[in-house]
Structures are given as C-alpha cells and as structure tokens.
Amino acid sequence: MAALILPTDWIKNWEKSGKNDFLQLCQDLAGKPEEDYKDLQTALYELTLHVVQGLLKVDVAASSLGDVMELRDDMASILADVFSILDIETSCTEEKHKRDNFTQLVGACLFCVPDAILKERLDPETLESLGLIKQAQQFNQKIVKIKTKLFYKQQKFNLLREENEGYAKLITELGQDLSGNITSHLVLENIKSLIGCFNLDPNRVLDIILEVYECRSDQDEFFVSLIKSYMCEHQTLCHILGFKFKFHQEPNGETPSSLYHVAAALLQHNLIALEDLYVHLVPLDSSIVEEHKREILEAKTIARKLTMVVLPSEKNEDKDKEKDKDEEKNEKPPNNQKLGLLEALLRIGDWQHAQNIMEQMPAFYATSHRAIALALCQLVHLLIEPLYRRAGLPKGAKGRHWKPLQNSQAPRRVETFEELSRDVITMLGYLGPHLSHDAVLFAKIVRLGKSFMKEYQSDSRPEAKEEMDSMLSCFLSISDQVLLPSLTLMDCNACMSEELWGFFKLFPYQHRYRLYGQWKNETYTSHPLLVKVKAQTVDRAKYIMKRLTKENVKPSGRQIGKLSHSNPTILFDYILSQIQWYDNLIGPVVDSLKYLTSLNYDVLAYCIIEALANPEKEKMKHDDTTISSWLQSLASLCGAVFRKYPIELAGLLQYVTNQLKAGKSFDLLILKEVVQKMAGIEITDEMTQEQLEAMTGGEQLKAEGGYFGQIRNTKKSSQRLKDALLEHELALPLCLLMAQQRNGVVFSEGGEKHLKLVGKLYDQCHDTLVQFGGFLASNLSTEDYIKRVPSVDILCNSFHTPHDAAFFLSRPMYAHQILSKYDELKKADKASRQQQQKVHKYMQACELVMTPVHEAVVSLHPAKVWDDLRPQFYATFWSLTMYDLAVPHTAYEREVNKLKAQMKAIEENTEMPMNKKKKETERCTALQDKLLEEEKKQLEHVQRVLHRLKLEKDNWLLAKSTKNETITKFLQLCLFPRCVFSAIDAVYCARFVELVHQQKAPNFCTLLCYDRVFSDIIYTVASCTENESRRYGRFLCCMLETVTRWHSDRAIYEKECGNYPGFVTIFRASGFDGGNKADQLDYENFRHVVHKWHYKLTKASVHCLETGEYTHIRNILIVLTKILPFYPKVLNLGQALECRVLKICQEEKEKRPDLYALAMGYSGQLKGRKVHMVPENEFHHKEPPPPTRSATPASLQNGPASSTKGPTASTGTGKADEGNGDDADKSKDKSQTAKTGSKSTSAASKTSNSNGSSTPNSTKSSKDKEEKEKGAKDKKEKKDKAPGSTPESKAGGKDKQQPKDERSTRDSSGGDKGGDGRDKTPKAERDKQRKEEKLQKEEKSKGGDGGKEERSDGKESKSKDSSGSSSKGEKSSAAGALKSPAARSDGADSERELKRRKLDTHSSPSHSSTVKDSTNDFKESTSKHYGNHNTPASKSKERELEKKDSEKSRDRSKEREKREDRKERKRVSPSLSLSVDHSNNEREMSQEMKRRKDENGTSTSKHSKSVSPSDSPRSTDKDKSKSSKSNSKEKSDLAKAEKTSGGKKESRHDKEKSEKKDKRDSTGAKEDKKHHKSSDKHR
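Overview of the structure. (Residues numbered from 1 in each chain as written. Predicted model: local features only at pLDDT ≥ 70, side-chain atom pairs only at ≥ 80, totals over all residues. Heavy atoms only, no water.)

**Observations regarding the overall build of the chain**
Here comes step 1: Counting its regular elements, the chain contains 76 helices and 0 strands.
Here comes step 2: By residue count, 55% of the 1579 residues in the chain fall in the buried class.
Here comes step 3: Within the chain, residue pairs in contact and separated by at least 24 positions form 80% of the contacts whose partners lie at least 6 positions apart. (Helix = DSSP H or I, 4+ residues; strand = E, 2+ residues; numbered from the N terminus. Buried < 20%, exposed > 50% of the residue type's maximum accessible area, 1.4 Å probe, protein only. Contact = heavy atoms within 4.5 Å.)

See below:
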C-alpha cells in the first residue's frame, strides 16, 4: 500500500479531533475523479489496520466507516477491496487476535457493505466465519459446477422437437411486403411467437433473417433495425456472417455481392466489429503483400524485356502474351473477399471502415482494381457535388446531378474548399493514379483546382492566408500524387491535358517544374502499372524516332502528339537524348511538335532545362578546347522550339541567370540561340560588307539586309521574350551578369581550361551580351529601358560593369532621351519651322541629356586623364553609333531594288492566286515605303548630329600635355576598347577617327593616330580572342581603306588632308594648327609614310607567325584575312608574307589542323590578290622632293637619313644586335620628320670637306679622290641593296635599284643602274685591281692577324668576281659587320672636329651609362689595330688600311646620323606602344631640334629605297651566318675603288676622325639597344 496518510495523533485523540480530521480527509479525497481512488483506499486501509492491530475500537471504527459510505457511490466496493487485502494479510499471520479483530470489524460493517460484494472478494473460510455461507467446502464445489456448465458444456437442441412449419412461417413473415405500416417491431413480435410456438432455434432464426436480408438488400432500414432489436450478442452475429463467407471460399466459389452488402451495412451500423469479421475473410494480408511485390517484379521484367535488343518476331510474341495475360486478369474477378467488402463499404458510403481496410494493404493495391476505383470515384462525385455546382461548373454546362446517399452514416457533402480537406483529399490520395478510370471526376477536380487558384490569387485577406496556403499545398499534393499519374494511365486524352494546363498555368513555374520533376523521376516507380507504361512509352518513342525524317514529319508528328498527351516527360527525355547525339534530327523534331498540347510544351521546357543541367554530362569535349556538341544541339533546339511554339520562357531564362550567378558561362549558348531565333538578332563576325553596311541603318534596314537568314515574323516571338524578361525582372540582371562574367571568365576558367576554350567562352559571353543588349534596345519601350538601366557611373562603380559594356547598355537610352527631348522642344515651340531653329532645338536637347552624362563619366577615370581628353569628347565618342555618323544610301537602294524585283517577279508569276499576289505586293510596297521613310529620317538625324559635332569639336581636346599623350589616351580609353566590341563598333571607330580629322578638331594629330594604330600591332593582336581579332581586323581594314584612298590620288589627298591640322608635322608653340603649308606633310612624303606602315604590318605579321604560339598565329591570320582588300599592296611585302604563311601550312598540317585551315585559306586568297600588288617604286616615288624646311616623315626604308646608311651602320653594335633585331627595328621605326635628312647631308658634306681640305694635294687630285670615294660609296650602297637582301629588293628587280644621289650624275662610277659593281669599273681599273689582288696574296703569306683578315677579303673578292650577284650575295646581311677586327690609325681629333661633333650629337639620358662599355670596346679594337701595325707591311697594305679607315668613318657617321634621326622622329610619330616614356622627353627633344637647326641650317633631304637588310622581315639565320662574308666582300670592292681614286694619300686627320666616330658610334649603338630593351619591358 501507499505511505501513511493518518497520523498516529489522530488515533490517540480519535474522539476529540481524530474522527473529524479523518472524515474531512476522506471528503477531500472523495472529491477527486472517479478513477483516482487510491489515496482514499489507502486512508481506509490505514484506519482498518489500526483496528486489526487493536489500537482502535471496532464499533468506533465501524461507525466512522458508515459515515464515509455516503461520500461516493462506489465506496462499498472500495472498502470491500480493503477488506480483501486485510483478509489475505491476517490469514497469513499466526496472530489470532488480529484475525479476530478483522472478523469483528467486517461483521460490524455488514450494514454498509452488501453481502454479494463480500462474497466476490473474500475467501470462503472468512465468509463461513462471518456466517455469510453455511459451509466453505460446499460453496467451492458449487463454483466448479457453474464454471463447467458455463464454459465447457455444449447445449444441444433436440432438432426433432423443431417443426418445419415454423421456419416456413418465419420466411413468409420476413418476405412479406414491407411497404405498408409494417415495422420491424411488429415483425419481431411475430418471430418471437414463432420461435416459442414451433421451438425454433434462435441462431437459426437469425441466420434465416440474414439470408432474407441478402435477398432483399434494398430494405436496409427494416432489416438493420430488426437485427438490432432481435440480437444482443454481437459476437454471435459476426460468427454467423463469418460462416457465410467461409462457405464461399471454395476453390471455384464466388462470394455474392449481396453478402458483401449485408456485411457492409452491419459494419456501418456498428452491429459487428471489423476486427472480428476481418479474420474470417480471405486472402491473408501477407499473401496480398507478396502478390503486390510479385506484380512489381513482373512489371520490371517486362520493362527490361522491352528495352533489350531482341528480334522483332520475339518481341511481338512477348507483347501478345502480355496482352492476353492482362485481359485475363481484368476479365476474371479477383477472389478477394476483403476487396469485395471494401467495394460494398464504399458503395454505401462507409468511408471509415473502408479506409481501415485499405490501410491494411499496400499503397494503391485496392484501387488498382477497377471496381473499387470506380466505387471510390462515385463516392467522391457525391461528396463534391455541391461545391462543384457552385465553383467548378463552367458557364452554360449542365452536368449530371448526383443525388446524395440516403444514409445518415455517410460522410457529409462538401460546400467550401476548406471542407475538401476533411475527406475528399484523403480519398483522392487513396485513388492515386487510378483516378484515370473516371475522366469526368478528373476534370471536376481540375476545375475545382482552377477555381481555387483564382480565389487564392484574388483573396488578399491576411486572416484567410493560412487556410488558403494549406489548401494550396493540398492541391499541389493532389496534382503530384493523383492528377499527373492518372494522366499517365489515361489513354491519349488531349482534352484532359488541356484541362490540366488550365489549372497548372495558374501556378508559378517553380511549382510546375517541381511537379514535372516528381512526375518524371519518381512517379513511374511507385506502381507496377506505371513501370509498364514507362517501358511501353520508351519502346514506342524509339519506334517513332527511328522512322522520323523531313519527309514524314506530319504522320510522325501525329504519333508523337498522341504519345505525349499521356507521357510527355518520358517521351521528351528520349527525344532529347537522341537530339544530343544526332543534331540533324533538330529540324524534323521541331516541325513534328506541332500536335502537342500546352501542357506538353511546358513539360518540354522543363525537360530541356533538366537535360541542360544534367550534372553527369560534361559541357566540354575531351580535348577541353571546345564546347560539347550535345550542349550546342540542345541550344539550337531551344532557339527553334521557343520561337515556333508558345512556351513559357521564364524557367529557361532564370536557369541561365542562375548559372551566370554561379560563374558558369557555358549555358549562355542557350540564351544566344533563343534571342537569335526569337528576335531575329544575329551575332556573327563573318558579316559581309553589304550586311555591315545595312547594320548601320535603321531597324527596318537591319531586319531586311543585316542578317544571313531572313528571319521573318519575329514580332510575336520577340514580344513573348520581352514580356518574360520584364515580368520576371531578368533583363538588367542578365546584362550585368554577362558583362561581369565576360571579364571574370579569364580568371575563373583561365587556370584550368585551355586558352582556346577560355577565348571561346569569353567570345560567347561577349557576343551574347551584344546580342541581348541589341534586343533590349530595339524591343523595350523608352520608359521601360530608362526605368531599368541605371546611369553609367552607377553601372561602372556600383555594379563593376566594364566601361565598354556600360556605355553599350546606356547608349540606346541616350538616343531615346535626346529624341524625346527634341520632340518635346519642337512641340513646345511649334512656330520654329526653320532648319536652323530645329538644329538649335536639337543642340538644346543634347545638352539637357548629355550634361549629366559628362558629369557622370568624370568618376570613371583618374583626374589626370581629363587633362588631355574632355569628358564631353569621351562621352560623345562612347554615346554615338554608326547610325549617327553616316547614312548607308547604297544599302537602302539595294534593299529597295530587291523589293522592286520581288514585286516584278510576283506580277510575272502566273501560278500564284490573285489574292495572294495582291497581299504580297502590298507587303513589298509597304516595306519599300518604310525603308524610304527610314532613310529620310536617318539623313535628317545624321545632319543634326554632324552639326552638333561641328559646334562641339573645339572643346574636345585640351592642349595641356603633348599630342602624343592625347593620342595615347584616346587610343587607350576610346578607340581600342570599342573597336573590338562589335563589328559595327570596329567600323565606327575607324569612321570616327576620320570624322574628327574632317572636322579639323584642334589638338588632334591624325597622322600620329594612324601611325600609332599601324606601327606595332603585335601586342594588340596577341591579346585578342578569336572574335576580337576579327573585329580588330575589320577596324584595321577600315583604317587602311581611308589611308589607301588618300594614297591613291594626289588630288584626294590635297582635298582631304592638305590643309588639315591633323597632318601638321611641326607643332608650333602658339598652339596654332594648320595654315602653314611648310608645316604640312606633303603627298610624296605621305606615300613614304604609308609604305612604312605597310612594312610595319608585314614585320609584325611575320613576327606573330614565327612565334609558334597558337593565339598569335590564329589571330594574325584572321587579321590578315580581314585586311586583305587593302594589304599587302606592295609586291615584295606580299611575297614575304606568302613565304611565311606557306611555312605555317607545312608546319601545322599535322599538329594544329585549325591553324592549317586558316593559313591555307589566307594563302589562297593572297595568291588571288597578287595581280593587284605593285612594285615598290610604283607604291611610292624614290625621287627626293625639292629641298624645303618642311618636316617630312619618312618610313624606315625611305627615311631621309637612309641615303647615307651603309650595312655596317645598321648593325653598328656588333653581334649583340643580331639577336635583338626586333628591338633595333622598333627603335629605328619611331621616326617621321624630314629635318634630319638635311642634317645627314650637311654632315656628309662636312666630312668630305674636311677630308678634302686636309690633303696636301692639288685641287684636281682632291676632286678626283672625292668622286672616286663617292663612286665607291654608291657601289657599296648598291651592294647593300642587292637582290635578296630585303623582301622589296627580291621582288622589285633591277628597275628598283635606281640611285638617288644627285651628285652621281657627275660621277663616272655612280650612274649605273643596279648591276654588279665589277661591271661598272673601267678596264684599266680592273687591271689594277687584279694586280692588287696578287700583292694582297703575297702580304697574306707574310702577316699574322692582319694576314688572316686580308686572306678572307681576298677570298671574298675572288668569289665575287667569279660569280657576280650570286645567291649568297643576294641573301647577305649586315648583321655581322664587326666580326672582323677594324683597322684604325692612332692620333687625336682636332678641337674643331670635337666641337662640331658636340653640337651635332643629341644627348640621351641613358647615353652616359654606356660610355664605359664602349670605351672598352674601343680599347680592344685599337689594341688589335696596333698589333697589325707592328707587323711589317708593304705600301699596298698601308693603303688598304687607310681605305678601310675612311670607309669605317663614313659608316660611323651614317650610324650616328641615323640615331639622331630616330630621336628627332620620336616626337612626331611614335610607335604603337602605349608607354609614356616616349612622350616625357618631347619638349626636351624639340628644343634640341631647334638648336640643331640653328647650327646646321637648311639642307636637302634624300630618300633612298628599301630597308637595310637587317630590317628585312625575311632575313633568316642563314642570312646571318653569311653576313661576315658579305661584309668582307664589300670591303674588298671598296678597297679596289679607293685604289683607283688615289686613296693612298689619305690624311692622318681622317684616321683620327674615324677613330673618334668609331668610339662614339659603339657607345650610341649600345645606348640605343639598351633604350629599346627598356621600352619593350615597359610594353
């Protein structure tokens, strides 16, 4: 028992207070719930225990217990329990007084505890002692007898006493007509009478009642009430029913439906329990589960067989067997009593018991039987009828009326959507895919869903939101588990598919796609029937796809449509897998999809996205350089399908956006295709010139002539795309993500991926951005566009959009705003009809719109930038397009003529019906009118823009820093970023430069700009992607087109460039541009400059081709192909290129096929252009212009100083320059002024004058000597330019070898025309030369080092005499001129000579650093020279050495002058390099030039032809290896010439002079080399 509740004090003071406390306690405890009586029991137990122990008197305790009895009804029973416990406890103890006390207490309490209760609880011995029974033994025997009779004895009725008449009367009584006033009560009385009269067995009577009920199952009410009142034991009724069911469980037995009905009715009225009846039914639950598993295995086996490759005959046999099996199964009713009972329950509306039975079975097992599914559907029909009538029934439809069940026990009908969740949703959940059996109910549920969704979208009450949300989730569950699986099992019902789409389209696409995903990936595994259907669908899809071709699109399309109505996910999954393998299926598949329903199109969109996002598929090919073909195929399909059919785009666009957010740019291919197909906007860099021209016009011209495929009727599809973008707010995010990804792709993909792939991804990203931006600009309204696109500074600074992309997005906005402002201003002042006033209004509009832009762009670059470029100029450049600069009249005319031709063809077409003819003619006429109107509109617009630019131009460029700086910033920030942005922008950049030139913009040097563009394209080309190099090539092509036009005709040049400030070559301190003819570049010098640019392009191209780098070679080949119409124009440059390209073809044939294809393509086109190439002397005249002060830039090959340059001058720094030929070339090519030409001639004349004056001979002899020297020099120059040494001379032939020295007319040996030097020497001289050779041979046998040197000289001169202009002589280079030690005479320069040199030399910042090295070189060479002098030599040898010295001195002076020329020319035409180094010393150099002019005075400038051999793009290692031989040959030739002219009397003064020059030249050459290394590093 529990712990003590009664304190001992209460017992001690019982009479005083204890009794009252006890009664109070009992009263409190009795107030607790009936079930909780333990504490009360404990209190009573403790009280009685005190009595048993003798602590309390029996009568006192008995009276207290009597008082307690009134507190509760069951108090007697509680006290009896306490007595039974004490009975057991006292009987076990040996203490007799306790037992006596207990007996007395119970005896005293007999008045309050009934005897019957005590007889139940107490032992027989206790009862005997109390006198309640006579004898305990007899009592025990009686109990045994009763139990035996009750539980073990069977009651057998004497059947002989039963009379058959009684049963006959009973049947008659039960079978009577019940339509009158007969009630079950009356009938029951009669039955009782019959039982009594005829001794009928009551159980048999009950059985007969049930039998009659089966026969009269429509009389539910009567029989149920009769059975209720007849029987009292539920168990008996259940057993009788169970026996009935068992009777029909024979092998071929069939349970009648009436029995099921009776059982169901009795269950519904709770006359029997389902648990009791369920055990009597077959089959067992375990066997049902096994059967279900077996069905799933069978279905999977069938599916596997269908996907296996088997012979067609076998496949057909298997199919027939399966069909027969299914038919048998459907025909033969299942011998399943549980299902029969379930059906009966559903028919009468007993959902509770039916649900309990279904719970015992596997999912959808019960409803997979048609009868049960239909019964459940019928029940749902009945329940939803009121709600369907109110909310789901379409207007005008009547529909079948479903009467409610005449059954009070049936579920309540549904009036509101919230009530659906009570029973209907659960019922539908049990139905699952088997709702397919009742298409009408399917349609009803879908319509209710549609109605609910409309209510859900319109109801904004916050209090109803929670309920509505729960209902929404219910409908989503129904869609997932019931509607879509049921559609799968329906037999090709397009109407249901459309009905379902009416409901689904109200869901957001995220919900729909989730449903489709579940349907495709999970639903088909949930049921054996669905497994089979999936396999059959795939099998059928294979059959159709194998036979699909362009010819049978219509019949195949119908089959596809038929299959797709029920199982779109499986069908499309297979079709897409085929398309990924065979892209030629795309066309037929797209055409065959026209028989699909709207739901199927939506599912197709989902399937495409799922296929694109497949994580198992690699989006790159195995070589990691190209995008996988499956992705390209899917992208093409996307574009075609979304354009042709009305499919929602939101999901696809969001997918691309999410991929971009994740830093993946492969899927931009999809967006590109979709925009191209739906909006008709193509992005290709392979545009023809006509297309490009059309793209500079208005929208109509672009659509007609700007694209390869004439994509018509894109109005609807582009509208759909626009709506999708605006509705889901994806337009700007996509643009920004593409712009960011474009630059990010290099860093995110660059490390892992191949450079070729990274370039492709960059191009794809960029092209899609351009295409997408173009679509938005042309399709969005002005308000929509302005509302969505933020200003440039926000785009760049907040969204980190690259500047070119930011302006690209903002540009249409500016154009829109300016036009709308202009229209506003015009409307405001209607009186202003004059053109001038209109222009003023336009200027005003521009100012209003562009002023904020000018302020915004300031934040984009450092403040230093705006010292050279004005923000206004920057914004103008970036905001204009080709549409603003020029009207493509030719393109308009071309398209109008095409339309006229079309109209003519239509008229002449006799087969075309008249109405169609009329329609087509009207279309063409309307289009023609539109084009003409558009042309007129554009013409007015361009005139306004040009006028605006004319007014603005004076404020574009500031003169705060040098023109070089200005051009650098213009190239860096404007020209280069935009020229590679798109093909149109490439053309725009070239035209803009031309426009700025034409507008005579102050502080803009056109010449410098063009020079920087052409001078060194290597870096730009190398840093381009494939598509960028196409655009860059197009840009160069347009620039070359302008240059070629100016080059072609003097009149054009004079007209377009003659007095333009862009062609000023001397910049005045006053800042005055133009006007002074002497400062302008004249036509001939311009032609030289153009030749230099062509040479530069050749050199850069050859360099790129020789690198071996994939990107260099690919890009330069693309660029060269683009500029082919205008380059190469010079024959020898073309041959040099052709030679190198052919080498690429040979090298890359096996290694890199794509480079081979490019090279072969270019090579073929180049050969075709050969007929248009001209020799060099036709490209630019070699005759020097009359001497003027004008600074005339000349190219490297035609520079003013090159007339005095020898081969040694070009490589005066020795072997080191051979390795760094490019560096030297770059430094040589930075010049453009002709001033240095005058210096070179003056320097040369000074040299000859000083030589002449220092000789003691008579005037005649000095004159002869001078002339001979000149002759030797000319011969040497001819050798220098011998055929083969340069590309030009190789190609040019003898007619290019004309000497340019004016004084050569007086010279007997200087007037030859380019043959061998030996042929031009008189016979007497040749005899002398032969004698000299013999003397030299004798000297060689005697001398040491000197002998070795002379030996080589003699050898070379001998070979020259024998072979003339041999191949070695042709390919000779001057790169190794200093290989043989130079002989010098000792002594010091005179003061006068030093002074003159100081004045002539231009100081360089880096010059002093190289003095030490050059001094060392000088010491080395002089030590060799002194060694030679110490050996005994003859007179002839001395003469030879003196001659060499004079030759050296001339070479050194040439080199020095060339270097000075370079430094001066830096100021006017620096190379393309954007390094700031060249411009920093500009003012310094200009001062130096001034000083030199004052000292040297004016002199004539000379122009030689062709480059020095070391600069030749085609000079090879072979050339270099032969350089020493060629040099020694030239020396020997000159030695002979000197000998004939009396060179032995050369003065010591000349030797000193040559030494000094040698020292200075070596220093200068090293300095020059060093400077160019640093320049390269900077680049």
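**Examining the pattern of salt bridges**
Here comes step 1: On inspection of all chains with the given rule, the structure shows 49 salt bridges.
Here comes step 2: Residues Glu648 and Arg512 are paired through a salt bridge, measuring 2.7 Å at the closest nitrogen-oxygen approach. Taken together, the residues Glu648 in the loop between α33 (629-644) and α34 (650-661) and Arg512 in helix α27 (residues 509-521) connect sequence positions 136 residues apart.
Here comes step 3: Residue Glu648 is classed as partly exposed on the basis of its relative accessible area of 30%.
Here comes step 4: Since its relative accessible area comes to 1%, Arg512 is described here as buried. (Salt bridge = Lys/Arg side-chain N within 4 Å of Asp/Glu carboxyl O.)

**Brief notes about the environment of Arg944**
Here comes step 1: Mapping Arg944 onto the fold places it in helix α48 (residues 914-952).
Here comes step 2: Owing to a relative accessible area of 10%, Arg944 belongs among the buried residues under this scheme.
Here comes step 3: When the C-alpha atoms of Arg944 and Met843 are compared, they prove to be 8.3 Å apart, with 101 residues separating the residues in sequence.
Here comes step 4: Not counting chain neighbours up to four residues away, the residues in contact with Arg944 comprise Leu819, Tyr822 and Tyr842.

**Some details on the packing of helix α53 (residues 1026-1048) against helix α56 (residues 1110-1122)**
Here comes step 1: At a minimum axis separation of 8 Å, α53 and α56 run at an interaxial angle of 35°. For the crossing formed where α53 meets α56, the hand is right-handed. Where α53 abuts α56, its residues Glu1026, Ser1029, Arg1030, Tyr1032, Gly1033, Arg1034, Leu1036 and Cys1037 lie against Arg1114, Asn1115, Ile1118, Val1119 and Lys1122.
Here comes step 2: Residue composition of the contact of α53 with α56, grouped by class: 5 nonpolar, 3 polar and 5 charged. (Axes fitted to C-alpha atoms, helices over the stretch in contact; angles between N-to-C directions. Left-handed = near helix turned anticlockwise from the far one by under 90°. Nonpolar A, V, L, I, M, F, W, Y, C, P; charged D, E, K, R; others polar.)

**Topic: the nonpolar core**
Here comes step 1: If you look at the biggest cluster of nonpolar residues, it comprises 322 residues, and the most contacted ones within it are Leu341, Phe970, Tyr1032 and Phe1035.
Here comes step 2: The element that contributes the greatest number of residues to this core is helix α25 (residues 462-489), accounting for 13 residues.
Here comes step 3: By size, the runner-up hydrophobic cluster in this structure holds 45 residues, among which are Met69, Ile78, Val113 and Ile117. (Core = buried A, V, L, I, M, F, W, Y, C linked by side-chain atoms within 4.5 Å.)

**Remarks on the packing of helix α45 (residues 871-879) against α48**
Here comes step 1: Between α45 and α48, the least distance of the axes is 12 Å, while the angle of their chain directions is 160°. Here α48 runs roughly antiparallel to α45, going by the angle between their axes. By crossing handedness, the relation of α45 to α48 is classed as left-handed. Between α45 and α48, the contacting residues are Gln872, Thr876 and Ser879 on the first element and Arg948, Leu949 and Glu952 on the second.
Here comes step 2: Partitioning the contact of α45 with α48 into residue classes produces 1 nonpolar, 3 polar and 2 charged. (Parallel < 35°, antiparallel > 145°, perpendicular 65-115°, else oblique.)

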